[in-house]
Amino acid sequence: LNNEQLIFVLVAILLLITLVVIGVLVYFGHRFLRLKELERLNQIQKSTKETMEEIQDLKQVDKTVDPELLKALRAKHKDTEHLASVCVDHPDEPAVKRCAISGDPFCEHCITRQNDTWVARKYLDLFLDSDWEELMMLPDHKTEHDVKTRLSKMKSDLWKKKGIPVIIQSNYKINVEEDEIESYTVVVVRQEDRNYVKKELSFVH
Ligand SMILES: [Zn+2]
């Protein structure tokens, strides 16, 4: 090899290395941009979904209701929920909602929303395969706090000791005469448990 040939080989090697480096940079740069774009799309999708859910929520109530008032009512209800900080099945995951069937707090991976009811995925079959009916509806302003406490204790006992699911929900109704929103506690049970739960609920009247 003479000097001229050596230089030629070196230049060729340098050129090759430069090409490889450019290739790698372009590949990762492209990947990075794609990830950014995906993240942005996810964000848009998420906020659209949230807005849709809010609209859905509002649609279920009479349109004349002031959304601010409704928001305040919902916030108040949330405050009284006392959500534990972690999922019962994943101690590392923050809990987002309580399951309407078991009453336990679950993370976002473990719980799913069915219309207005949050149900743990592991109880979804039970929820979907059952025939539910409203057993009673208690106006909150006429219901003693003690009755509500006993109600939620009864729910928890029936589920833990007998495997009978009882769903306790909050509902809002508009009282046209009084021009205000009234909140109700609604007790929902499976048709086959109706009479049994009704007996257990004798303390309500
Ligand atoms: Zn979980």
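Because the structure is predicted, anything quoted here is derived from the model rather than measured.

1. A closer look at the pattern of salt bridges
Should their charged atoms come close, side chains of opposite charge can pair.
Step number 1: Tallied over the entire structure, the rule returns nine salt bridges.
Step number 2: Measuring nitrogen to oxygen at the nearest pair gives 2.8 Å for the salt bridge that ties Lys153 to Asp157. A residue pair is termed a helical-turn pair when its members lie 3 or 4 positions apart in one helix, as Lys153 and Asp157 do in helix α4 (residues 145–162) at four residues.
Step number 3: Residue classification places Lys153 among the exposed positions, given a relative accessible area of 51%.

2. Describing the nonpolar core
Step number 1: Within the largest apolar cluster, 18 residues are counted, with the highest numbers of intra-cluster contacts made by Cys99, Ile101, Phe106, Val119, Tyr123 and Ile167.
Step number 2: Where this core is concerned, the elements lending two or more residues are β4 (117–120), α3 (124–129) and β7 (180–190).
Step number 3: For this core, the element with the most residues is β7, which contributes three residues.
Step number 4: If we skip the residues at most four places from it in the chain, Tyr123 touches Cys99, Ile101, Ser102 and Trp159.
Step number 5: In terms of nonpolar packing, the next biggest core, distinct from the first, is built from 15 residues, Met154, Val166, Val189 and Val197 among them.

3. Quick notes on the coordination of the zinc ion
Step number 1: Surrounding the zinc ion are the protein donor atoms Cys87 (SG), His90 (ND1), Cys107 (SG) and Cys110 (SG), at 2.0 to 2.3 Å.
Step number 2: Considering all four donor atoms around the zinc ion, angles at the metal cover 96 to 115° and the coordination shape is tetrahedral.

4. Section: the sheet that holds β7
Step number 1: Overall, antiparallel pairing links the three strands, which are arranged β5-β7-β6 in an open sheet. Each edge of the open sheet is held by one strand with a lone partner, namely β5 (132–139) and β6 (166–175). Neighbour-to-neighbour, the strand axes of this sheet turn through a mean angle of 30°, independent of strand direction.
Step number 2: Bridge count for β6 against β7 is ten bridges, and the pairing is antiparallel. Of the residues in β7, the one forming a bridge with Lys173 is Glu182.
Step number 3: Against the sheet, α4 engages β5, β6 and β7, with an angle of about 145° to β6.

5. A few points about a negative patch on the surface
Step number 1: A cluster of acidic side chains, namely Glu177, Glu178, Asp179 and Glu180, defines a negative patch on the protein surface.
Step number 2: With respect to the helices, strands and loops of the structure, Glu177 is situated in the loop between β6 and β7.
Step number 3: With a relative accessible area of 79%, Glu177 lands in the exposed category.

6. Remarks on the confidence of the model for the chain
Close inspection of predicted coordinates is inappropriate for parts of the model with low pLDDT.
Step number 1: Per-chain confidence: the chain averages 86 in pLDDT, with 87% of residues scoring 70 or above.
Step number 2: Ranking the elements of the chain by mean pLDDT puts helix α2 (residues 67–79) last with 64 and α3 first with 95.

7. Concerning the side chain of Thr185
Step number 1: Turning to its location among the elements, Thr185 is positioned in strand β7.
Step number 2: Residues within four places of Thr185 in sequence aside, it is in contact with Met136, Met137, Leu138, Asp140, Lys148, Leu151, Ile168 and Gln169.

8. Quick notes on the layout of surface pockets
Step number 1: Counted as a void, the second largest pocket has a volume near 480 Å³.
Step number 2: Looking at the second largest pocket, it is lined by 13 residues, and the ones nearest its centre are Lys49, Glu53, Val96, Glu108 and Trp118.
Step number 3: Counting only elements with at least two residues in the lining of the second largest pocket, the list comes to α1 (3–59) and β3 (111–114).
Step number 4: Here the lining of the second largest pocket gets four residues from one element, more than from any other, and that element is α1.

Scoring rules and cut-offs
Residues numbered from 1 in each chain as written. Predicted model: local features only at pLDDT ≥ 70, side-chain atom pairs only at ≥ 80, totals over all residues. Heavy atoms only, no water. Salt bridge = Lys/Arg side-chain N within 4 Å of Asp/Glu carboxyl O. Helix = DSSP H or I, 4+ residues; strand = E, 2+ residues; numbered from the N terminus. Buried < 20%, exposed > 50% of the residue type's maximum accessible area, 1.4 Å probe, protein only. Core = buried A, V, L, I, M, F, W, Y, C linked by side-chain atoms within 4.5 Å. Contact = heavy atoms within 4.5 Å. Donors = N, O, S within 2.8 Å, 3.2 Å for Na, K, Ca; no water. Tetrahedral: all angles 85-135°; square planar, octahedral: opposite > 155°, others 65-115°. Pairing = 2+ DSSP bridges. Axes fitted to C-alpha atoms, helices over the stretch in contact; angles between N-to-C directions. Patch = residues over 30% accessible without salt bridge, like charges linked within 9 Å, V, L, I, M, F, W, Y side chains within 5 Å. Areas by Shrake-Rupley, 256 points an atom, 1.4 Å probe, with all protein chains shown as cover. Lys, Arg positive; Asp, Glu negative; His and termini not counted. Charge placed at Lys NZ, Arg CZ, Asp CG, Glu CD. pLDDT = per-residue confidence, 0-100. 1 Å grid on protein atoms, 1.4 Å probe; cavity = no way out; pocket = protein on both sides within 12 Å on 5 of 7 lines; lining within 4 Å. Points joined across faces, edges and corners; volume = space filled by probe spheres on them.

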